[in-house]
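# Understanding the architecture of this molecule
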Amino acid sequence: MKNYLKETEIVDFSNKDVFAKAQELARGCSSDIEIVKSCFEFVRDEIKHSGDYPSDTLTTLKASDVLKHKTGWCYSKAILLAALLRANGIPAGFGYQRLSCSEYKPNIYCLHGLNYVYLQKYGWYRVDARGNKEGVDAQFTPPIEKLAFEVGDGEYDILENLSEPLPEVIEALKKNKSYKEMVDNFPDIKNL
């Protein structure tokens, strides 16, 4: 479990702003479920999903940068959510789906990032803080999962709970600095 609580260079929860936000979001909560819901809804609703804003010229990676700029791709939003949860002593991991990304570019597939979180009452539970919009309605309703996307033909869940984001994801976030660059170079893997 310790790997799902550790701080890393990108899950930088001891950053003063990230830690302060984590404490603020946990204030008044009486259970891990309430803390997770508070953190999840903040990232889902208050951090813009970069894919919904084509004019964005910023790609964030580290949790502190996602919080500072209030924007990030699904992968970056998952990094911030993991940091907020880990700062509150709640184990958090990373999960993925392989989805059609035709809304951005025809005939392509890419990884979609989300989180695993450990809830004392239910065990590991997946949440998706991508951000809601028309046709996307991710919710926190344990023990029932309500992710942003249901997998369709040619798509699938990658049901591995990772303690760190995939290297392909980190590389894409480091290399691709604009909306267009990311859309042209989405991270993808055929099988995990």
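Up top is the structure these notes are about.
Residues numbered from 1 in each chain as written. Predicted model: local features only at pLDDT ≥ 70, side-chain atom pairs only at ≥ 80, totals over all residues. Heavy atoms only, no water.

## Some remarks on the packing of aromatic side chains
The tally for this structure, following the rule as stated, stands at 9 aromatic pairs. Ring centres of Trp-73 and Phe-186 lie 5.5 Å apart, and the angle between their planes is 85°; on these two criteria the pair is classed as edge-to-face. Note that Trp-73 is positioned in the loop between strand 2 (71–72) and helix 4 (74–87) and Phe-186 in the segment after helix 6 (179–184), a separation of 113 residues in sequence. One exposure class covers both Trp-73 and Phe-186, and it is buried. Centre to centre, the rings of Tyr-125 and Phe-140 are 5.6 Å apart; their planes meet at 85°, and the pair counts as edge-to-face. Residue Tyr-125 is located in strand 5 (residues 123–127), and its partner Phe-140 is located in strand 6 (residues 139–141); the two are separated by 15 residues in the primary sequence. The residues Tyr-125 and Phe-140 share a single accessibility class, namely buried. Three or more aromatic residues link up through ring pairs in this structure, and these residues are Trp-73, Tyr-104, Tyr-179 and Phe-186. (Phe/Tyr/Trp six-rings, centres within 6.5 Å; stacked < 30°, edge-to-face > 60°. Helix = DSSP H or I, 4+ residues; strand = E, 2+ residues; numbered from the N terminus. Buried < 20%, exposed > 50% of the residue type's maximum accessible area, 1.4 Å probe, protein only.)

## Structural notes on the environment of Asn-107
With respect to the helices, strands and loops of the structure, Asn-107 is situated in the loop between strand 3 (92–100) and strand 4 (109–119). Classification of Asn-107 as exposed rests on a relative accessible area of 74%. The spacing of Asn-107 and Ser-64 is 43 residues in sequence and 34 Å in space, taken between C-alpha atoms.

## A word on the pairing of strand 3
Judged by how many residues are buried, strand 3 sits mostly within the fold: 8 of 9 residues are covered. Pairing between strand 3 and strand 8 (residues 156–162): 4 bridges, direction antiparallel. The residue of strand 8 that forms the bridge with Phe-94 is Leu-162. (Pairing = 2+ DSSP bridges.)

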